[in-house]
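# Structural description and commentary
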Amino acid sequence: MEGLITMDDLTNEDIHSILADAERLLPVARGETYLPLLQGKILGNLFFEPSTRTRMSFETAMKRLGGDVVNLGDVKTSSVVKGETLFDTIQMVDGYTDIIAMRHPRQGAARYAQDAARVPILNGGDGAGHHPTQTMLDLFTIQQSHGTLEGLTVILAGDLRYGRTVHSLSHALVRFGCRLIFASPDLLRMPTEIVEDLREHGADVTETEDLLGNINQADVVYMTRIQKERFADEDEYAKVAGAYKLHARDLDNTKSEMVIMHPLPRVDEIHPSVDKTRHARYFEQAFNGVVARMALLCRLLGIEVPAEIGGGDA
Amino acid sequence: MSEEHNMRRVTAIKNGTVIDHIPSGQALKVLELLNLSGDTSVPVSLVMNVPSKKMGAKDIIKVEDRELNQFELDRLALVAPDSSIAIIRAYSVAEKLNVNLGEEVRNVVRCTFSNCITQNLREPLPHRLRVAKTDPLTLRCHYCQRPQDLDELIHNLL
């Protein structure tokens, strides 16, 4: 069975239908009702790189649906340090589990794992490549906030060069006719090949260094962390980092329904004063990781989510 | 000048391979690709920038006492996808072969991206690059999806 490696593995129709499944699964994700759809199924969590939210939300998603999880554990003590190839690791875990969630430092690792495996692979991030389960939870959050994915103006701000979440998300948003504004320091611009690719697909893309000057047009502002270690000069870092710090006072003239998202962890790019505004969505977004992954686990395991789920308000 | 005249610019070979319709100026790259540019014991003749009805101008290579195999044809497809190959035995054309780039090249060249999973040479799955564009040739790694052109790839031939 095929897994989810990049967003290209899903049609727009698939995306809509998975998001609808996720919506119905909300009471299960909140623990208001128990629905053991995945009883007897085992998820293999293979995280070759540190992860908090992605790994925990996969685990929570599986357990909320009555399934079980086995973990690779610390890479430093696993067979990987003994020089085992990814191919061999996958062969082993493939035999133990029904589905695998994987994060790996090398790009292309998820596609490689899928080619080696019989069970579906869920790509939880491969190098600076793709992170489609994050994209699904981002899309879910956007749809929850605006009731649609179509035709929105979305600003992606911060580190657009190395941030895999913004790469996957941009591709997905363009498929729904969204207008994209990329706000980043010059050093951390969206890679040219991605911008070209998006434009070839007919995308309306603007590149700028100015976040606050464009913020009033936005329906969604997607912030990312600017990593200090990417800059050789601390002064250079201080100069650009300051331009991407959102404070509640910056939001006075924004659209009232505009939402601010962030894949987290944040450092100081969103001031805590924003947390209490109607615009903040990042903590809901983090919670949505569970429900989006529940819907994906069901889809890839071929388990239908019932049309009616009791016990909640979904 | 006729095509026949082109072929006579160098002596007819008794046994070996004639690679015709190489894009003009690419013959040296083809030699490199087929490991014929360095220390080799077989005689190689080269004609460059000769007139061609089909291509305007072209290069031709004649390799004596060596018949190209499928693996070499796959490599050749990267530089000269429209070239025609004649296997010569006893001064006559014994076989005509076509080079075909196809949609994907498998185990011909290795992805150049330093962080691609295929950089671990012990990983056993095949090196796969999909043809994303033909003019100029751009291949995209099946795994990491990084686009790359021939100038980068030529150093990563398997």
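Residues numbered from 1 in each chain as written. Chains lettered and ligands numbered in written order. Predicted model: local features only at pLDDT ≥ 70, side-chain atom pairs only at ≥ 80, totals over all residues.

To continue, consider the domain arrangement of chain B. All names here are of chain B. Annotation of chain B at the domain level lists domain 1 (3-98) and domain 2 (104-156). Residue-level contacts link 6 residues of domain 1 with 6 residues of domain 2. Top contributing element to the side of domain 1 that touches domain 2 by residue count: helix α3 (residues 70-79), with 4 residues. Here the side of domain 1 that touches domain 2 is composed, by residue class, of 2 nonpolar, no polar and 4 charged. (Domains from an automatic or database assignment. Contact = placed C-beta atoms within 7 Å. Helix = DSSP H or I, 4+ residues; strand = E, 2+ residues; numbered from the N terminus. Nonpolar A, V, L, I, M, F, W, Y, C, P; charged D, E, K, R; others polar.)

A few words now on the sheet that holds strand β7 (residues 204-208) of chain A. Residue and element names in this part refer to chain A. The strand order across the open sheet built from 5 strands is β7-β6-β5-β8-β9, with neighbouring strands paired in parallel fashion. Of all strands in the sheet, those with a lone pairing partner are β7 and β9 (259-261), marking the two edges. Strand after strand, the sheet turns through a mean of 20° between neighbouring axes, direction not considered. (Pairing = 2+ DSSP bridges. Axes fitted to C-alpha atoms, helices over the stretch in contact; angles between N-to-C directions.)

Before going further, it helps to examine the pairing of strand β1 (residues 42-47) of chain A. All names here are of chain A. Among the 6 residues in β1, 5 count as buried, and that is most of the element. Following the backbone out of β1, through helix α2 (residues 53-64) and into the adjacent parallel strand β2 (residues 68-71), one traces a crossover that is right-handed. As paired elements, β1 and strand β3 (residues 99-104) share 5 bridges and run parallel to each other. Bridge pairing in β3 places G44 opposite I100. (Buried ≥ 20, exposed ≤ 12 C-beta atoms within 10 Å, placed from the backbone. Right-handed = clockwise from strand over helix to strand, strands pointing away.)

Of all the residues in α3 of chain B, the buried ones are E72, R75, L76, A77, L78 and V79 of chain B. Buried positions along α3 of chain B lie against α2 (27-33), β6 (104-106), β8 (137-141) and α4 (150-153) of chain B.

With that settled, consider helix α9 (residues 282-300) of chain A. All names here are of chain A. For α9, built from 19 residues, the straight-helix expectation of 27 Å at 1.5 Å per residue is met to within 8% by its first-to-last C-alpha distance of 26 Å. At N288, α9 shows its strongest bend, of approximately 30°. Most of α9 sits inside the fold, with 15 of its 19 residues counted as buried. Directly after α9, the chain includes G302, whose backbone phi takes a positive value near 70°. (Expected span 1.5 Å × (residues − 1). Bend = angle between axes of the 7 residues up to and from the residue.)

Attention now moves to the nonpolar core. Residues and elements named next belong to chain A. One finds I155, Y222, M294 and L297 to be the most contacted residues of the largest nonpolar core, which totals 122 residues. No other element matches the 11 residues that α9 contributes to this core. Residues contacting Y222, with those up to four places away along its chain left out, are V154, I155, L156, A157, V166, L169 and M261. (Core = buried A, V, L, I, M, F, W, Y, C linked by C-beta atoms within 7 Å.)

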